[in-house]
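# Understanding the architecture of this molecule
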Amino acid sequence: YTAKQKQSGTMVYHPGLDAHSQESLSLLSELRRAVEHNELRLYLQPKVDLHTGRILGAESLVRWQHPQRGLVPPMLFIPFAEQTGFIRTLTTWIIEQSARAWREMYAHGLDLRLSINLSTRDLLDQDLPAKLEQLIKTHDMNAQVLCLEITESAIMDDPQRAQQTLERLHELGFKLSIDDFGTGYSSLAYLKRLPVHELKIDKSFVMAMERDLDDAKIVRSTVDLAHNLGLRVVAEGIETAKAWKLLDALHCDEGQGYFIAKPMPEQEFVAWVQAWQAPVLDDETLE
Ligand code: C2E
Ligand code: MG
Ligand code: MG
Ligand code: MG
């Protein structure tokens, strides 16, 4: 991240940042201010049914509209937020905003699912299920419209506790998804035991599958694995018509990626969905 920091003149996050240093303290206070002063933004990236092209939902992705640095991507503050525990405040913010956005979309006649990313710390937060339960009551929404995305590494950090939290969330009716599948060290034994309903194939495999046969094989095997376990499977990182078509041919259920749309400010989302027409993926499109 060094180049970026120099460019914007101020430190954001770098992997070696000492949590107790002066830099860290000021970043933490900036993040607190960001929440208080409404500098965080909810972005939404659509998820489509790869077979019909229908929009099924969206993933909630956070951005920081910094007064001096401009739009800061999550990778420049999420790892820091996780390291310091601030992620809980951030997760609360994102789930509240997602619920509010869901309500607004519903009022516009859209009945979509929203996916929210949880971190390791969130999984260890004993109050999270109760917080989420309260949230859906407040917003009068059904738990199953929210899908919670968890990475393999977040689960493997403390598998037993993660499993307890996931069981509780599942009992409450929330959908659960394993994010960035294939990049972590998950154990298939856990995968079998966990009450998840979806696997998300990491974008590194999807973006490489057109030119690398091994990546294509990994994608194919993951789709089969998911289906054999009775799970839905989603591909992230679809950047071309060809990738879409290939994934559909492999029976991958859903997809998201720049070819469909980049994450956009929530204010643009309803109009985008209303204007959406699934592309016709004939051979000409693929030339
Ligand atoms: P993720 O959960 O795997 O989210 C997907 C990321 O892939 C997003 O990056 C999205 O913009 C990007 N992406 C989607 N399609 C394409 C594509 O076709 N090409 C390319 N090159 N990229 C694509 P983003 O928004 O920068 O987020 C990065 C990561 O930051 C997320 O990865 C997630 O791990 C984390 N993150 C973002 N928002 C939140 C949040 O609210 N809470 C938590 N805990 N983590 C978040
Ligand atoms: Mg995700
Ligand atoms: Mg992902
Ligand atoms: Mg990813």
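Conventions used here
- Residues numbered from 1 in each chain as written.
- Chains lettered and ligands numbered in written order.
- Predicted model: local features only at pLDDT ≥ 70, side-chain atom pairs only at ≥ 80, totals over all residues.
- Heavy atoms only, no water.
- Helix = DSSP H or I, 4+ residues; strand = E, 2+ residues; numbered from the N terminus.
- Buried < 20%, exposed > 50% of the residue type's maximum accessible area, 1.4 Å probe, protein only.
- Contact = heavy atoms within 4.5 Å.
- Areas by Shrake-Rupley, 256 points an atom, 1.4 Å probe, with all protein chains shown as cover.
- Lys, Arg positive; Asp, Glu negative; His and termini not counted.
- Charge placed at Lys NZ, Arg CZ, Asp CG, Glu CD.
- Donors = N, O, S within 2.8 Å, 3.2 Å for Na, K, Ca; no water.
- Near = heavy atom within 4 Å.
- Polar contact = N/O pair within 3.5 Å; in protein donor to acceptor, adjacent residues only side chain to side chain.
- 1 Å grid on protein atoms, 1.4 Å probe; cavity = no way out; pocket = protein on both sides within 12 Å on 5 of 7 lines; lining within 4 Å.
- Sits in = over half its atoms within 2 Å of the grid points.
- Points joined across faces, edges and corners; volume = space filled by probe spheres on them.

### Observations concerning the overall build of the chain
- Counting its secondary structure elements, the chain contains 13 helices and 10 strands.
- By the burial criterion, 51% of the 287 residues in the chain qualify as buried.
- Long-range contacts, defined here as pairs at least 24 residues apart, represent 67% of the contacts in the chain between residues at least 6 apart.
- Approximately 14,100 Å² of the chain is accessible, and the part contributed by carbon and sulfur atoms is 49%.
- Both charge centroids of the chain, one from 30 positive and one from 42 negative side chains, sit 3 Å from each other.

### Remarks on the coordination of the magnesium ion (ligand 4)
- Coordination of the magnesium ion (ligand 4) by the protein is provided by Asp180 (OD) and Glu236 (OE), with metal-donor distances spanning 2.4 to 2.8 Å.
- Look at Asp180 and you get partly exposed, because its relative accessible area is 22%.
- Accessibility expressed as a relative area gives 9% for Glu236, which makes it buried.

### Overview of the site of ligand 1
- In the vicinity of ligand 1 there are 23 residues, among which Arg63, Asn117, Asp179, Glu239 and Tyr258 approach most closely.
- Within the contact set of ligand 1, a nitrogen atom lies 3.1 Å away from a side-chain nitrogen or oxygen of Gln45.
- Here an oxygen atom of ligand 1 and a side-chain polar atom of Asp180 are 3.0 Å apart.
- Considering ligand 1 on its own, with 800 Å² of exposed area, one finds that the protein chains cover 88% of that surface.
- Among the detected pockets, ligand 1 sits in the largest pocket.
- Where the shell around ligand 1 is concerned, the elements lending two or more residues are β2 (55–66), α4 (87–107), β6 (175–181) and α10 (203–208).
- Here the shell around ligand 1 takes four residues from β2, the largest share from any one element.

### Side note on empty space enclosed by the protein
- The full count for this structure, using the stated rule, is one cavity of 30 Å³ or more.
- Quantified by volume, the largest cavity comes out at close to 40 Å³.
- Lining the largest cavity we find Glu152, Ile155, Met156, Ile178, Ser186, Ser187, Tyr190, Leu191 and Leu194.
- Elements with a minimum of two residues in the lining of the largest cavity: α7 (152–157) and α9 (188–193).
- Looking at which element gives the most residues to the lining of the largest cavity, the answer is α7, with three residues.

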